[in-house]
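The chain contents come next:
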Amino acid sequence: DQTYYWRIDEVNAGADLDIFRGNVWSFTTEPYAYPIPGVTAKASNEQTASPASRTVDGSGLDELDQHGTDVKTMWVGNLPAWIQYTFDKEYTLHELWVWNGNSEIESFMGFGVKDVTIEYSADGQNWTALENVPEFGRGTGTATYTANTVVGLGGVRAKHVRLTINATYGVTGIVALSEVRFFYVPVQAFKP
């Protein structure tokens, strides 16, 4: 996802060595991975005003990918809890970006996900646990919060991904997750 520029100038032979500037040309290389569009989400439990779909609809994000603090733009549930994501087809997964729970009282209450088990599946029936899942970073409780956890998915093939929340940053039993974004690696040529 880098843009390169170049220009060829013509230098005349002879005593004057006039330089004639050429046009500036450029090309942009494709990114290694792309966001998966149209992801759906369901959870073991959720509040009507804060459904699981809020974690994939961009509702709390601004144009700079900063998430706000309104809990109506997040998923809120109760422990024990899981949230499952389904894609339109099977993908080769690269990364998962996470915007954790980010309410204005996050620093006091700790609704955000801390310890999570991530499993993936091609058919929604047989699941494999992802190894080396990092602890999720805590939300800042500010309107300028950007994704602060990136989970490497190592090129696993899946149509479904489930996050089982084992612990949050607080003790209330309430869990919140603001947004997630899955990235995939294209396995065939496209957009010639």
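Further up the page is the structure itself.
Residues numbered from 1 in each chain as written. Predicted model: local features only at pLDDT ≥ 70, side-chain atom pairs only at ≥ 80, totals over all residues. Heavy atoms only, no water.

**Considerations on the overall build of the protein chain**
In step 1: Along the protein chain, the regular secondary structure elements total 1 helix and 13 strands.
In step 2: For the protein chain, the succession of helices and strands along the chain, N to C, is β-β-β-β-β-β-β-β-α-β-β-β-β-β.
In step 3: Its C-alpha radius of gyration of 22 Å places the protein chain more than 25% over the 16 Å reference for a compact globule of 192 residues.
In step 4: Across its three principal axes, the protein chain shows a C-alpha extent of roughly 85 × 40 × 30 Å. (Helix = DSSP H or I, 4+ residues; strand = E, 2+ residues; numbered from the N terminus. Rg over C-alpha atoms; globule rule 2.2 N^0.38 Å.)

**Section: the packing of aromatic side chains**
In step 1: Inspection of every chain in the model, using the stated rule, returns 8 aromatic pairs.
In step 2: Centroid distance Phe87 to Tyr91: 5.9 Å. Interplanar angle 85°. Geometry classified as edge-to-face. No difference in accessibility class separates Phe87 from Tyr91, as the two residues are buried.
In step 3: Here the aromatic rings of Tyr91 and Tyr184 are separated by 4.8 Å at their centres, their planes lie at 55°, and the arrangement is tilted. Placement of Tyr91 in strand E8 (residues 81-100) and of Tyr184 in strand E13 (residues 174-184) is noted, with a sequence separation of 93 residues between them.
In step 4: Taking NZ or CZ as reference, Arg162 lies 4.0 Å from the ring centre of Trp127, over its face. (Phe/Tyr/Trp six-rings, centres within 6.5 Å; stacked < 30°, edge-to-face > 60°. Buried < 20%, exposed > 50% of the residue type's maximum accessible area, 1.4 Å probe, protein only. Lys NZ or Arg CZ within 6 Å of the ring centre and 35° of its normal.)

**Description of the nonpolar core**
In step 1: By size, the foremost hydrophobic cluster in this structure holds 32 residues, and its most contacted members are Trp75, Ile83, Leu93, Ile118, Leu163, Leu177 and Phe182.
In step 2: Among the elements that make up this core, the one with the highest residue count is E8 (8 residues).
In step 3: Sequence-distant contacts of Phe182, that is, excluding residues within four places in its chain, are made with Tyr34, Pro35, Ile36, Tyr85, Phe87, Glu95, Leu96, Leu153 and Val161. (Core = buried A, V, L, I, M, F, W, Y, C linked by side-chain atoms within 4.5 Å. Contact = heavy atoms within 4.5 Å.)

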